[in-house]
Structures are given as C-alpha cells and as structure tokens.
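Now for the letters of each chain:
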Amino acid sequence: MEKLLSIIFIYILVDNFVLQRFFGICPFVGVSRKMETAVGMSMAVVFVMTLATLATWLVYTYVLTPLELQYLQIVAFILIIASLVQLVETVLRKISPTLYQGLGIFLPLITTNCAVLAVALLAVQEEFTLVEAVVFGIAAAIGFSLALLIMAGIRERLEFAKIPRPLQGTAITLITAGILSLAFMGFKGMLSL
C-alpha cells in the first residue's frame, strides 16, 4: 500500500509528465486556452491513459513476453492507444458534440501524445505489477490533468491582464509554463521509488 501511495504522489506532483518530463506539451499548450476544453481533454486523457496502461501491460506480459516478441512493444502499444482514442472520440461525438467540436484536432492527437505512450512504456520498463501499473497510469493522467487545468485557469485570467505586446500569445504561454514547471520543481526530492 505504501508503494501505491508513493506512486500516486510522485507521478502527480514530483515527477509530473508535463511539467517535469515535458511529455505531452502539444495538447498542454493547445487545449489550455479555455477551462471547458481543458476539462474535456483531462477526462479523455485520464480514460485513455488508464486503459492504455492496463491494456499494454496485459499485452506485454501475457502476449509479447511469452512469445518473445518484446521488440514489437512500441507498435503494439501505438495500436492499442489509437484504438482507445477512437473509442473516446466516438463516445464524445455521441454524448457531447460541443465538447467534441471544442477539442477539435486535439482529441485525435491523444493518439500521438507522447505522454500516453511514455506511461505505457514506463509501466513495463519499471516492472510494475498490474495494480501498480494501473495506479501509475491513473496518477500520471491526474498529474497531466492537474497541469492542464492549472494552465487553463492561468490562461483564462491572462486574457484580461495587460501584457506587453511582444509577450502576448505564445510567448506568455511558454513563460507561464516555465514558471509553473519551476513551481512543481519544489516537490523534487520529497519522495522517490
């Protein structure tokens, strides 16, 4: 139980995939303009990352390893992730068309979101058990979501701020992301596996 709590704390705050490892920067910057789309993307990433970690761990452990096909792990993992994203896209299109349109191109980009693939690869590289891998996937997804939601909140507030002309747009977004990353660095060294 202690290891599971450590995994949760580490991958939400200490070793955040967006702000410390810099995975998933494209959707982080692209979807964080409005809180509504950030919440939708967060839910989609939590769903996809959790299920992808579970599915890829099972495929790696019970299919690729026994058949000595570990060299196919990246191809297999990408196919699994792409299938899950298609499932999320179909569900969102039916349940919430406005959120589906708001996410636009960023929803299919979850397929190529390196954070999702990184979590799947790290779950097998770290030799986590099934439960640890799923907790790892959930924690990494919550960490991604936390960073995305904080950034969306800041960016919504920045729309009403007087920002010098040369810093408007992408410049202030990247500066804000850097400061946010520095803030999360305060958690480094608190806990490790």
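Refer to the structure presented above.
Everything numeric in this text was worked out from a predicted model, so none of it was measured.

**Considering the overall build of the chain**
Stage number 1. For the chain, the helix and strand inventory stands at 8 helices and 0 strands.
Stage number 2. When the helices and strands of the chain are listed from N to C terminus, the series reads α-α-α-α-α-α-α-α.
Stage number 3. Dimensions of the chain along its principal axes, counting C-alpha atoms only, are 60 × 45 × 25 Å.
Stage number 4. In the chain, buried positions account for 45% of the 193 residues.
Stage number 5. Summarising the internal contacts of the chain: among those between residues at least 6 apart in sequence, 79% fall at separations of at least 24.
Stage number 6. Carbon together with sulfur atoms contributes 69% to the accessible area of the chain, which is approximately 10100 Å² in total.

**Description of the packing of helix H3 (residues 35–64) against helix H7 (residues 130–158)**
Stage number 1. Direction vectors running N to C along H3 and H7 enclose 165 degrees, while the axes themselves pass 8 Å from each other. Relative to H7, H3 is oriented roughly antiparallel. For the pair H3 and H7, the crossing hand works out as right-handed.
Stage number 2. Grouping the constituent residues of the contact of H3 with H7 by class yields 21 nonpolar, 6 polar and 1 charged.

**Things to note about the side chain of Gln73**
Stage number 1. Take Gln73: it is sitting in helix H4 (residues 73–95).
Stage number 2. If we ignore the near neighbours within four places in the chain, the residues touching Gln73 are Tyr60, Leu64, Leu121 and Val124.

**Section: H4**
Stage number 1. The first and last C-alpha atoms of H4 sit 33 Å apart over 23 residues, in line with the 33 Å expected at 1.5 Å per residue.
Stage number 2. Among all positions in H4, only Gln73, Ala76, Phe77, Ile80, Ile81, Leu84, Val85, Val88, Glu89 and Leu92 are buried.

Rules behind the numbers
- Residues numbered from 1 in each chain as written.
- Predicted model: local features only at pLDDT ≥ 70, side-chain atom pairs only at ≥ 80, totals over all residues.
- Heavy atoms only, no water.
- Helix = DSSP H or I, 4+ residues; strand = E, 2+ residues; numbered from the N terminus.
- Buried < 20%, exposed > 50% of the residue type's maximum accessible area, 1.4 Å probe, protein only.
- Contact = heavy atoms within 4.5 Å.
- Areas by Shrake-Rupley, 256 points an atom, 1.4 Å probe, with all protein chains shown as cover.
- Axes fitted to C-alpha atoms, helices over the stretch in contact; angles between N-to-C directions.
- Parallel < 35°, antiparallel > 145°, perpendicular 65-115°, else oblique.
- Left-handed = near helix turned anticlockwise from the far one by under 90°.
- Nonpolar A, V, L, I, M, F, W, Y, C, P; charged D, E, K, R; others polar.
- Expected span 1.5 Å × (residues − 1).

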